[in-house]
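Chains, contacts and geometry: an overview
So the chains spell out like this:
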Amino acid sequence: MENQTGQAPKRNSNVIYFLIVVVLALLATDVYLYLQKNKSDTRIVYQNDEKTRLQTELDSLEAQIEQVNTGKAKLSEEMQAKNDSLQSKIKVLRQELAKGKLTQGELDKAQEDIKQLRYFVTKYTADIDELKKANTALSSERDTLKTNLTVATKKDSTLTKQNEDLGVKVKVGSAIKLGAADVVAYKLRSSGKEIDTKRASPAKKIKINFTVASNTLAEKGMHDIFIRIIDPTGNLITPTDAANFNADGQDLQYTYKTSIDFKDDGSQYTIDWLNPSAFQKGTYTVLLYADGYTMGKTSFELK
């Protein structure tokens, strides 16, 4: 009996110890779960804050790209490809960050991707700035070239006009001109002998005697001479096969055409002209042309 009594308190003591251990284990479990919950809540809050920061940085990078593109610089194919690639990467990262919960690995990867993206955006921005500077320089150079071209064109037009004027002056200056001149009418005998006359009725032909003024600019050699003879009534005497020539900027008919050998030596020339019809009383005007200009004029009178 004494032994049984002694064992009972001992058993009760073991039960108490067991209960204490169980209570302590439960308390430890609660504490562990509480700490784990706090740690999990902290991680969720941290992840949410990091996602927000990364999304804000994406907004900043996208705004930076849009800002450099507002300069309307003409992008090369390579620059346009870079722009499209950066925009595409931003879109993909936005989609990744828009997911519900990210693992720590996914969050770390997003951070690294944005870090690389920031580098490429910075480089792209610098490239665009260089392109804008180059375009500005080219634009300034183009404007300078336009100004120079305008000035050069005006100078060229002025020089062309001056050359044309000079050409005209040289051409006028190189045309041979009449020196001294006189006209004598002749009657013809049956023997063929020519006798000068002042009367209209017997006159059959005229001789135009003239010299050419000295001219060092005139070309030596043969020069065509066009003659226009105006009768006393003011009409031009023309042959049946009359043709035109140009002088002093006008198309004119001529009475007679011949040529002389100009040597600039003071030689005297004589041109014979046989009137196809009868001479009239009055004053005749004789005009000579050479090298496209009026050479000179003279006159004679028949009674």
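Let me sum up the structure you'll find in this document. Keep in mind the model is a prediction, meaning the values are calculated, not measured.

1. Some points on the sheet that holds strand β1 (residues 178-188)
As summarised here, the arrangement of the 4 strands in space is β2-β1-β3-β8, forming an open sheet in which the pairing is antiparallel. The open sheet has two free edges, formed respectively by β2 (194-197) and β8 (268-274), since each of these has just one partner strand. Each neighbouring strand pair of the sheet contributes to a mean axis angle of 35 degrees, computed without reference to strand direction. Bridge count for β1 against strand β3 (residues 205-212) is 7 bridges, and the pairing is antiparallel. What sits directly across from Ala181, in β3, is Phe210.

2. Things to note about the nonpolar core
Counting 28 residues, the largest nonpolar core has Ile176, Ile206, Phe210, Ile225, Phe279 and Met295 as the members making the most contacts within it. Elements with a minimum of two residues in this core: β1, β3, β4 (221-230), β7 (256-262), β8, β9 (282-290) and β10 (293-302). Sequence-distant contacts of Ile225, that is, excluding residues within four places in its chain, are made with Ile176, Tyr256, Lys257, Thr258, Ser259, Ile260, Ile271, Leu288, Tyr289, Ala290 and Met295.

3. A look at the environment of Leu217
Tracing the backbone through its elements, the reader meets Leu217 in the loop between β3 and β4. Counting along the chain gives 42 residues from Leu217 to Ala175, while the straight-line C-alpha distance between them is 8.0 Å. Those residues in contact with Leu217 that sit more than four places away from it in its chain are Gly173 and Ser174.

4. Regarding the sheet that holds β9
Strand order in this open sheet of 4 strands is β7-β4-β9-β10, and the pairing throughout is antiparallel. Two strands close off the open sheet at either side, each with one partner strand: β7 and β10. Neighbour-to-neighbour, the strand axes of the sheet open up by a mean angle of 25 degrees, direction not taken into account. As defined by bridge partners, β4 adjoins β7 across 7 bridges and the pair is classed as antiparallel. Its bridge partner lying in β7, His223 is registered against Ile260.

5. Section: the packing of aromatic side chains
Describing an aromatic ring pair means giving the distance of the ring centres and the angle of the ring planes. For the structure shown, the criterion picks out 9 aromatic pairs. Between Phe279 and Phe300 the ring centres are 6.5 Å apart and the planes differ by 80 degrees, which places this aromatic pair in the edge-to-face class. One end of the pair, Phe279, is in the loop between β8 and β9; the other, Phe300, is in strand β10, and 21 residues separate them in sequence. Each member of the pair, Phe279 as well as Phe300, carries the same accessibility label: buried. Relative to Phe300, the ring of Tyr284 has its centre 5.0 Å away and its plane inclined at 5 degrees; by these criteria the two rings are stacked. Here Phe300 lies in strand β10 and Tyr284 lies in strand β9, a separation of 16 residues in the sequence. Phe300 carries the same exposure label as Tyr284, and that label is buried. One aromatic cluster in this structure is built from Phe226, Phe245, Tyr254 and Tyr289. The ring of Tyr186 carries the charged tip of Lys207 above its face, separated from the ring centre by 5.7 Å.

6. Here's the deal with a nonpolar patch on the surface
On the surface, Ile16, Ile20 and Leu24 cluster together to form a nonpolar patch covering roughly 280 Å² of accessible area. Considering the arrangement of structural elements, one finds Ile20 in helix α1 (residues 2-69). A residue is classified by how much of its surface remains accessible, and Ile20, at 42% relative accessible area, is partly exposed.

7. With respect to the pairing of β1
Relative to β2, β1 is paired through 4 bridges, and the arrangement is antiparallel. By the bridge assignment for β2, Ala185 is matched with Thr197. If you look at the hairpin formed by β1 and β2, you'll find 5 residues sitting between the two strands, and Gly192 has a positive phi there, around 95 degrees.

8. A word on the pairing of β9
Burial analysis of β9 places 7 of its 9 residues in the buried class, the great majority of the element. By the bridge criterion, 9 bridges tie β9 to β10 in an arrangement that is antiparallel. When the sheet's bridge partners are listed, Thr285 is paired in β10 with Ser299. Between β9 and the antiparallel strand that follows it, β10, lie 2 residues; Asp291 among them carries a positive phi value of about 60 degrees.

What counts and what doesn't
Residues numbered from 1 in each chain as written. Predicted model: local features only at pLDDT ≥ 70, side-chain atom pairs only at ≥ 80, totals over all residues. Heavy atoms only, no water. Pairing = 2+ DSSP bridges. Helix = DSSP H or I, 4+ residues; strand = E, 2+ residues; numbered from the N terminus. Axes fitted to C-alpha atoms, helices over the stretch in contact; angles between N-to-C directions. Core = buried A, V, L, I, M, F, W, Y, C linked by side-chain atoms within 4.5 Å. Buried < 20%, exposed > 50% of the residue type's maximum accessible area, 1.4 Å probe, protein only. Contact = heavy atoms within 4.5 Å. Phe/Tyr/Trp six-rings, centres within 6.5 Å; stacked < 30°, edge-to-face > 60°. Lys NZ or Arg CZ within 6 Å of the ring centre and 35° of its normal. Patch = residues over 30% accessible without salt bridge, like charges linked within 9 Å, V, L, I, M, F, W, Y side chains within 5 Å. Areas by Shrake-Rupley, 256 points an atom, 1.4 Å probe, with all protein chains shown as cover. Salt bridge = Lys/Arg side-chain N within 4 Å of Asp/Glu carboxyl O.

Note that every value here comes from positions in space, so none of it alone points to a role or purpose.
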